[in-house]
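Structural features, examined
Listed below, chain by chain, are the residues.
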Amino acid sequence: MENYKKMMQQKISLKAIMLCLGSAIFMIGQQGYLSKYKPDGDFGDFFDGFQIGVFMALAMWFIASMAYIGAVLKDEKKLKEIYIKETDERNVKISEMTGAKLYNSIIAPILLATFIAGYFSAEVFFTLLAIILFITVVTWARSLYFCKNM
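In this text the structure is predicted, and so the values were computed from the model without any measurement.

Let's talk about the overall build of the chain
- For the chain, the count of helices and strands is six helices and zero strands.
- The C-alpha atoms of the chain give a radius of gyration of 19 Å, which is well past the 15 Å a tight globule of 150 residues would have.
- Judged by the C-alpha coordinates and their principal axes, the chain covers about 55 × 35 × 20 Å.
- Taken over 150 residues, the chain has a buried fraction of 29%.
- Taking the intrachain contacts of the chain between residues at least 6 apart in sequence as the baseline, contacts between residues at least 24 apart amount to 75%.
- Placing the 16 positive and 13 negative side-chain charges of the chain at their respective mean positions leaves the two points 8 Å apart.

Structure, rendered in structure tokens:
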């Protein structure tokens with residue numbers, strides 16, 4: 001259980017680092033240092049709103065998950081429940097069959113590429129955004145299917 005506790009503490013540290021790094025990059029963009037690359041017209045306004053919305057959603061998710069993990073670490077009973085749930089054979093098999101680990105490792109780079117592409121091409125931006133939505137829908141659908149049939 002100590003190894004699991006250390007892993008949960010590392011998750012908090014990693015999320016805190018990602019939040020700080022993301023905040024710094026977001027602030028650099030919002031201060032106008034990248035304004036020479038900013039798209040013009042309606043797409044430029046949409047792109048600004050998209051960046052703000054995604055950053056705020058991710059920041060709130062990171063903060064909420066760090067608070068949740070912190071609360072779980074203080075309660076041994078809750079920590080044991082979470083450990084059992086994560087290591088349950090059925091949940092592990094569903095995770096393997098839905099490709100959840102692949103989903104988690106592939107979405108972040110595609111989202112980063114989407115942000116970068118937005119500075120250069122609206123078509124590539126929307127294509128990458130559609131890819132993210134497609135992968136998400138397929139992963140969720142497979143998860144629902146396997147949860148009901150296993």
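Here we look at the confidence of the model for the chain
- Per-residue pLDDT for the chain has a mean of 87; in total, 100% of the residues score no lower than 70.
- Averaged pLDDT values for the elements of the chain fall to 82 in helix H4 (residues 89-98) and rise to 92 in helix H6 (residues 122-149).

Considerations on the packing of helix H2 (residues 41-74) against helix H3 (residues 76-87)
- Packing of H2 against H3 leaves a shortest axis separation of 5 Å and a crossing angle of 115°. For the element pair H2 / H3, the angle class is roughly perpendicular. Only Glu76, Lys78, Leu79 and Ile82 of H3 make contact with H2, whose side of the interface consists of Tyr68, Val72, Leu73 and Lys74.
- When its residues are assigned to classes, the contact of H2 with H3 shows five nonpolar, no polar and three charged.

Cut-offs and rules
Residues numbered from 1 in each chain as written. Predicted model: local features only at pLDDT ≥ 70, side-chain atom pairs only at ≥ 80, totals over all residues. Heavy atoms only, no water. Helix = DSSP H or I, 4+ residues; strand = E, 2+ residues; numbered from the N terminus. Rg over C-alpha atoms; globule rule 2.2 N^0.38 Å. Buried < 20%, exposed > 50% of the residue type's maximum accessible area, 1.4 Å probe, protein only. Contact = heavy atoms within 4.5 Å. Lys, Arg positive; Asp, Glu negative; His and termini not counted. Charge placed at Lys NZ, Arg CZ, Asp CG, Glu CD. pLDDT = per-residue confidence, 0-100. Axes fitted to C-alpha atoms, helices over the stretch in contact; angles between N-to-C directions. Parallel < 35°, antiparallel > 145°, perpendicular 65-115°, else oblique. Nonpolar A, V, L, I, M, F, W, Y, C, P; charged D, E, K, R; others polar.

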